[in-house]
Amino acid sequence: MTEEVDFLIERIREEYGAGSLPAGLRPAGEDPPPLALIDRQNIEDEDDIEQRKGELTRGNIVSIASVDESTSPIGTEYDHDIERVAGIRIEGLDADEFGYVDDSGDDGAPWSSLVRVIRRAILRVRSYPDTGTPSIDYTHLELANAAPQSQTWSDYYRWDVDVIFDGFERLPDI
């Protein structure tokens, strides 16, 4: 299911850049704070919070992983509804701790603006990833199960959400 992860990484990469944060937060034409886009399947120990804080001094992080896939039959034919889920985690560290999250916008991006930019990058899409399988097509995607977790720490920000790719699979007649 790497097509979905690759698709999301590319969408965010295309949308995040100069002008992606609200006007007035950064000088015109200035690049936003650094953002690393990571396939979470490649991370060895993502639960070590102190290690993550060290990584967040180099930039905010968006990590994406394949989470789930489910299918259910449609009607009396051999076709199926298909749903694939990718989990997105946005992480940032407060500017006071040498990170790139700052409510004033002077030393980083306000957390709510960063989340909004990533969310918009995903939802603005009007096309869907090629599944790599000729018989599977997506009809839409949606965000679900948003889980803001920033209140747990004073200097570490985190927001998790699932991206649901919904479509169908046409199976051959017997």
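Scroll up to find the structure.
Only a predicted model underlies this, so the values are computations on that prediction, with no experimental measurement involved. (Residues numbered from 1 in each chain as written. Predicted model: local features only at pLDDT ≥ 70, side-chain atom pairs only at ≥ 80, totals over all residues. Heavy atoms only, no water.)

(A) Representation of the packing of helix H1 (residues 2-15) against helix H3 (residues 111-123). With their axes 9 Å apart at the nearest point, H1 and H3 run at an angle of 120° to one another. Compared by their axis directions, H1 and H3 come out oblique. The two elements H1 and H3 cross, and the hand of that crossing is right-handed. Facing Leu-8, Arg-11, Ile-12 and Glu-15 of H1, the residues of H3 in contact are Ile-118, Ala-121 and Ile-122. Per-class residue counts for the contact of H1 with H3 are five nonpolar, no polar and two charged. (Axes fitted to C-alpha atoms, helices over the stretch in contact; angles between N-to-C directions. Helix = DSSP H or I, 4+ residues; strand = E, 2+ residues; numbered from the N terminus. Parallel < 35°, antiparallel > 145°, perpendicular 65-115°, else oblique. Left-handed = near helix turned anticlockwise from the far one by under 90°. Contact = heavy atoms within 4.5 Å. Nonpolar A, V, L, I, M, F, W, Y, C, P; charged D, E, K, R; others polar.)

(B) The environment of Arg-13, seen in detail. With respect to the element layout, Arg-13 can be found in helix H1. The exposure class of Arg-13 is partly exposed, given its relative accessible area of 46%. Along the sequence, Arg-13 and Leu-37 sit 24 residues apart, while their C-alpha atoms lie 7.7 Å from each other. (Buried < 20%, exposed > 50% of the residue type's maximum accessible area, 1.4 Å probe, protein only.)

(C) Geometry of the pattern of salt bridges. Applying the stated criterion across every chain, the model contains nine salt bridges. In this structure, Arg-124 and Glu-15 form a salt bridge, with 3.6 Å as the shortest nitrogen-oxygen distance. Of this pair, Arg-124 sits in the loop between H3 and strand S4 (136-148) while Glu-15 sits in helix H1, placing them 109 residues apart in sequence. As a salt-bridge pair, Arg-89 and Asp-160 come within 3.0 Å of each other at their nearest N and O atoms. Placement of the pair is Arg-89 in strand S3 (residues 80-93) and Asp-160 in strand S5 (residues 156-169), with a sequence separation of 71 residues. (Salt bridge = Lys/Arg side-chain N within 4 Å of Asp/Glu carboxyl O.)

(D) Layout of H1. With 14 residues, H1 should reach 20 Å at 1.5 Å per residue; the first-to-last C-alpha distance of 20 Å fits that figure. Those residues of H1 lying buried are Glu-4, Val-5, Phe-7, Leu-8, Ile-9, Arg-11 and Ile-12. Elements in contact with the buried residues of H1: strand S1 (35-39), strand S2 (60-73), S3, H3, S4 and S5. (Expected span 1.5 Å × (residues − 1).)

(E) Seen up close, the sheet that holds S3. Here five strands make up an open sheet; going across it, the order is S1-S2-S3-S5-S4 and the pairing mixed. Looking at which strands have only one partner, the edges of the open sheet turn out to be S1 and S4. Sheet twist, expressed as the average angle between the axes of neighbouring strands with direction ignored, equals 25°. Sheet topology places S2 next to S3; twelve bridges connect them, and they run antiparallel. Residue pairing across strands places Pro-73 opposite His-80, the latter belonging to S3. Contacts from H1 reach S1, S2, S3, S4 and S5, with the element oriented near 140° to S2. Helix-sheet contacts for H3 involve S1, S2, S3, S4 and S5, and the interaxial angle to S3 is about 155°. (Pairing = 2+ DSSP bridges.)

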